[in-house]
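The residues making up each chain are set out below.
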Amino acid sequence: MIVLDDTSPTPPYEQIRLQLRAQILEGELLGGMRLPTVRRLAADLGVATNTVGRAYKELEAAGLVVTRRRAGTVVATDGDDVRERAHHAAIAFVQGMSALGVSSAEAVRLVKAAYQDQ
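This one's a predicted model, so the numbers in the text were calculated from it and none came from an experiment. (Residues numbered from 1 in each chain as written. Predicted model: local features only at pLDDT ≥ 70, side-chain atom pairs only at ≥ 80, totals over all residues. Heavy atoms only, no water.)

*Asks:* Just checking my understanding: could you explain the side chain of Gln23 for this structure?
*Replies:* When you line up the elements, Gln23 lands in helix H1 (residues 12–25). Not counting the four nearest positions on each side in its chain, Gln23 is found in contact with Met1, Ile2, Glu28 and Leu29. (Helix = DSSP H or I, 4+ residues; strand = E, 2+ residues; numbered from the N terminus. Contact = heavy atoms within 4.5 Å.)

What follows is the structure in structure tokens.
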């Protein structure tokens, strides 16, 4: 999800912020999606928790994420109810296909076929 460049003059927190911002704005991270905890992302990237915390705080100040005490940090929905509901429907679909033992490739074929049948 995030790749840090040790040779870049851009501080790590800013690299994290910029990459998450781009993923949110490009729709790779959808409204309601949960971000890794500060501790987990810091451990994964090999940086201090304050580094990730600062990136998250700046994203929150920009209105791109929301931090909820028990729910953690999630991508702000920004009123995009349709996209959020579609995302939840997609999650339910994937969980159902996984429970049936259907591969992701087969699930995609089934979705494409369903769209063609409409």
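*Asks:* Even after reading the chapter, I still don't get the pattern of salt bridges, so can you show me in this structure?
*Replies:* A side chain of one charge can pair with a side chain of the opposite charge when the charged atoms of the two come close. Enumeration over the complete set of coordinates arrives at 5 salt bridges. Measuring nitrogen to oxygen at the nearest pair gives 3.9 Å for the salt bridge that ties Arg40 to Asp44. With Arg40 and Asp44 both in helix H2 (residues 38–45), this residue pair falls 4 residues apart, about one helical turn. According to the relative accessible area criterion, Arg40 is exposed, its value standing at 55%. For Asp44, a relative accessible area of 56% puts it in the exposed group. In the salt-bridge network here, residues are joined through shared partners; they are Glu14, Arg17, Arg54 and Glu58. (Salt bridge = Lys/Arg side-chain N within 4 Å of Asp/Glu carboxyl O. Buried < 20%, exposed > 50% of the residue type's maximum accessible area, 1.4 Å probe, protein only.)

*Asks:* Sorry, what's going on with the packing of H2 against helix H3 (residues 49–61) here?
*Replies:* Helix-helix packing is described using two parameters, namely the angle between the two axes and the distance between the axes. Their axes nearest at 8 Å, the elements H2 and H3 cross at an angle of 120 degrees. As far as their axial angle goes, H3 and H2 are oblique. For H2 against H3, the interelement crossing comes out right-handed. Contact residues: H2 offers Val38, Arg39, Leu41 and Ala42, while H3 offers Thr49, Val52, Gly53 and Tyr56. Here the residues of the contact of H2 with H3 are counted per class, giving 5 nonpolar, 2 polar and 1 charged. (Axes fitted to C-alpha atoms, helices over the stretch in contact; angles between N-to-C directions. Parallel < 35°, antiparallel > 145°, perpendicular 65-115°, else oblique. Left-handed = near helix turned anticlockwise from the far one by under 90°. Nonpolar A, V, L, I, M, F, W, Y, C, P; charged D, E, K, R; others polar.)

*Asks:* Explain the confidence of the model for the protein to me, please; I cannot follow it from the model alone.
*Replies:* Where the model shows low pLDDT, its predicted coordinates should not be examined in detail. With 94% of its residues at a pLDDT of 70 or more, the protein has an overall mean of 89. At the level of individual helices and strands, the protein shows its lowest average pLDDT in helix H4 (residues 81–100), which scores 81, and its highest in H2, which scores 96. (pLDDT = per-residue confidence, 0-100.)

*Asks:* Could you clarify how one ought to interpret the nonpolar core in this entry?
*Replies:* Considering soluble globular proteins, one finds that nonpolar side chains tend to be buried as a cluster. Formed by 16 residues in total, the largest nonpolar core has its most connected members in Ile16, Leu20, Leu35 and Leu41. When contributions to this core are tallied by element, the ones reaching two or more residues are H1, H2 and H3. The contact partners of Leu35, leaving out residues within four places of it in the chain, are Leu20, Leu29, Tyr56, Val65, Thr73, Val74 and Val75. (Core = buried A, V, L, I, M, F, W, Y, C linked by side-chain atoms within 4.5 Å.)

*Asks:* Sorry if this is basic, but what is going on with a nonpolar patch on the surface here?
*Replies:* Taken together, Phe93, Val94, Val111 and Tyr115 make up a surface patch of nonpolar side chains, about 370 Å² in accessible area. Secondary structure elements with two or more residues in the nonpolar patch: H4 and helix H5 (104–117). Turning to its location among the elements, Tyr115 is positioned in helix H5. (Patch = residues over 30% accessible without salt bridge, like charges linked within 9 Å, V, L, I, M, F, W, Y side chains within 5 Å. Areas by Shrake-Rupley, 256 points an atom, 1.4 Å probe, with all protein chains shown as cover.)

*Asks:* Can you walk me through the pairing of strand S2 (residues 72–75) in this structure?
*Replies:* The side chains of a regular strand alternate, residue by residue, between the two faces of the sheet. Where strand S1 (residues 65–68) lies against S2, 4 bridges are found, and the strand directions are antiparallel. Following the sheet pairing, Val66 is matched in S2 by Val74. From the end of S1 to the start of S2, which pair antiparallel, there are 3 residues. (Pairing = 2+ DSSP bridges.)

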